[in-house]
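# Residue-level structure breakdown
For reference, the chains in residue letters:
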Amino acid sequence: MSRIILGMMRISQMDQPSIRELFESARASGIDHFDHADIYGGSPHRCETLFGDAVQLTAQDRSEVVLQSKVGIRRGFFDFSKDHILDSVNGSLRALKTEYLDVLLLHRPDALVEPEEVAAAFDQLAADGKVRNFGVSNHTPGQIELLKTAVDQPLVANQIQLSVAHAPSIASGLSANMATLEQSVDRDGEVITYSRLKSVTLQAWSPFQGALTGKIFLGDLQSYGALNTALDEIASDYGVTPSAIAVAWITRHPANMQVVLGTTNPVRLADGVAGADIRLTRQQWYKLFKAGGHVLP
């Protein structure tokens, strides 16, 4: 699979030619992985339907792309029940006009999860050929291990929020056992280390979002002046845009993460994709880490 995933959350306001152009631009950039969710678009399966109608995948297209969707978020509550998982997947298949999903992720942890219910749904979907691979999103190692008490299929992926300016999953490990340092707090059960040990592919979402403002840090000189300066300097060294370097910061990590880009602009998409081919030096990586607001003990 490609190191870059194109997220389809923002296509709800696009017309069919624009969606098709975005898809073709992604394929031309080497992207074969497209990320959906049953809730994207404001109503069930809206973005999936727009994608399916606009792209109209041929048999050849379908064999060359990875279609991924997510399930579990409903209006006002989370739901990992067998019935909801099955109903939602069937809706996604109809909307996307495909016979199977390459990857299905459980979208947000359900506090009322019953692993046996999830296992029953996954078993049926696998037996029916409707889902080929399973995973999770925003889950801790403990939550994954709980699912595995009943689920037999490998959980191959976990989507987590990660960027150079929002990296508690990395910062906490660098500051282990330092009680006076806020970033030493482990907020996710060492999910990156766990994923490397268990061969779970991490998918980094919101790769340009910062922790301070919750908004895009690229170009935000007021809140992220030092980071933008560092991004500009390193981007100049490689002849790419700062967004490419922000992507490269994630793909440089030896966990071999994928990066989920949510842009609907083909030019910005190409800019971000360029980062996957850049291998930052250790000095550059740590320089960005510190400029992003983190500290080295």
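One can find the structure itself at the top, above this paragraph.
What counts as what
- Residues numbered from 1 in each chain as written.
- Predicted model: local features only at pLDDT ≥ 70, side-chain atom pairs only at ≥ 80, totals over all residues.
- Heavy atoms only, no water.
- Helix = DSSP H or I, 4+ residues; strand = E, 2+ residues; numbered from the N terminus.
- Rg over C-alpha atoms; globule rule 2.2 N^0.38 Å.
- Buried < 20%, exposed > 50% of the residue type's maximum accessible area, 1.4 Å probe, protein only.
- Contact = heavy atoms within 4.5 Å.
- Areas by Shrake-Rupley, 256 points an atom, 1.4 Å probe, with all protein chains shown as cover.
- Lys, Arg positive; Asp, Glu negative; His and termini not counted.
- Charge placed at Lys NZ, Arg CZ, Asp CG, Glu CD.
- Polar contact = N/O pair within 3.5 Å; in protein donor to acceptor, adjacent residues only side chain to side chain.
- Expected span 1.5 Å × (residues − 1).
- Arc of directions from axis to C-beta.
- Pairing = 2+ DSSP bridges.
- Axes fitted to C-alpha atoms, helices over the stretch in contact; angles between N-to-C directions.
- Core = buried A, V, L, I, M, F, W, Y, C linked by side-chain atoms within 4.5 Å.
- Phe/Tyr/Trp six-rings, centres within 6.5 Å; stacked < 30°, edge-to-face > 60°.
- Lys NZ or Arg CZ within 6 Å of the ring centre and 35° of its normal.
- Salt bridge = Lys/Arg side-chain N within 4 Å of Asp/Glu carboxyl O.

Along the backbone of the protein there are twelve helices and ten strands. Relative to the 2.2 N^0.38 estimate, which gives 19 Å for 297 residues, the radius of gyration of the protein is 19 Å and therefore close to what a compact globule would have. Along the first, second and third principal axes, the C-alpha atoms of the protein reach 50 × 45 × 30 Å. Across the 297 residues that make up the protein, the buried fraction comes to 53%. For the protein, restricting intrachain contacts to residue pairs at least 6 apart in sequence, the fraction spanning at least 24 positions comes to 74%. In the form shown here, the protein has an accessible surface area of approximately 13500 Å², with 49% of it arising from carbon and sulfur atoms. Seen as two clouds, the 26 positive and the 33 negative side-chain charges of the protein have centres 4 Å apart.

Along the polypeptide, Ser 137 turns up in strand S7 (residues 134–137). On the accessibility criterion, Ser 137 (1% relative accessible area) is buried. Here Asn 138 takes part through its side chain, which lies 3.0 Å from a polar atom of the side chain of Ser 137.

So, about helix H1 (residues 16–28). Compared with an ideal rise of 1.5 Å per residue, which puts 13 residues at 18 Å, H1 spans 18 Å between its outermost C-alpha atoms and is within 8% of the ideal. By the burial criterion, the buried members of H1 are Ile 19, Leu 22, Phe 23, Ser 25 and Ala 26. Along the long axis of H1, the arc covered by the buried residues comes to 165°, so they all point the same way. Seen from the buried face of H1, the exposed residues on the opposite side, beyond 90 degrees, are Pro 17 and Ala 28. Buried residues along H1 sit in contact with strand S1 (4–7), strand S2 (33–35), helix H2 (46–55) and helix H11 (266–273). Gly 30 occupies a position one or two residues after H1 and carries a positive phi of about 95°.

With six of six residues buried, strand S3 (residues 66–71) is to be regarded as a mostly interior element. Side-chain alternation along S3 places Val 66, Gln 68 and Lys 70 on one buried face and Leu 67, Ser 69 and Val 71 on a second face that is also buried. Pairing of S2 with S3 involves three bridges; the strand directions are parallel. The partner of His 33 across the bridge, within S3, is Val 66.

With that out of the way, let us pick up the sheet that holds strand S10 (residues 258–261). Strand order in the closed barrel formed by eight strands is S1-S2-S3-S6-S7-S8-S9-S10, and the pairing between neighbours is parallel. Sheet twist, expressed as the mean angle between neighbouring strand axes with direction ignored, is 25°. Lying on the sheet, helix H6 (residues 141–148) is in contact with strand S6 (103–106), S7 and strand S8 (155–161); it crosses S8 at an angle near 155°.

Core analysis: the largest hydrophobic core is formed by 82 residues, its most contacted members being Phe 34, Leu 104, Trp 249 and Leu 288. Filtering out sequence-adjacent residues up to four positions away, Phe 34 remains in contact with Ile 5, Leu 6, Met 8, Phe 23, Ala 26, Arg 27, Phe 51, Val 65, Val 66, Leu 67 and Gln 68.

Our focus in this paragraph is the packing of aromatic side chains. Overall, the coordinates contain eight aromatic pairs when judged by the stated rule. Centre to centre, the rings of Trp 249 and Trp 285 are 4.7 Å apart; their planes meet at 5°, and the pair counts as stacked. With Trp 249 in helix H10 (residues 242–251) and Trp 285 in helix H12 (residues 282–291), the pair connects residues that are 36 residues apart, well separated along the chain. The exposure class of Trp 249 is buried, given its relative accessible area of 1%. Classification of Trp 285 as buried rests on a relative accessible area of 8%. An aromatic cluster of at least three residues, connected via ring pairs, comprises Trp 249, Trp 285, Tyr 286 and Phe 289. The side chain of Arg 62 reaches across the aromatic face of Tyr 100, ending 4.0 Å from its centre.

On to the pattern of salt bridges. Going through the model one piece at a time under the given rule, you end up with nine salt bridges. Between Arg 20 and Glu 24 there is a salt bridge; the shortest N-O distance is 2.9 Å. Here Arg 20 and its partner Glu 24 are both found in helix H1, four residues apart, which amounts to about one turn of the helix. Given the relative accessible area of 23%, Arg 20 is considered partly exposed. Linking Arg 187 and Glu 182 is a salt bridge whose minimum nitrogen-to-oxygen distance equals 2.5 Å. Judged on exposure class, the residue Arg 187 and its partner Glu 182 are both exposed.

Spatial relationships are all this shows, so hold off on functional conclusions.
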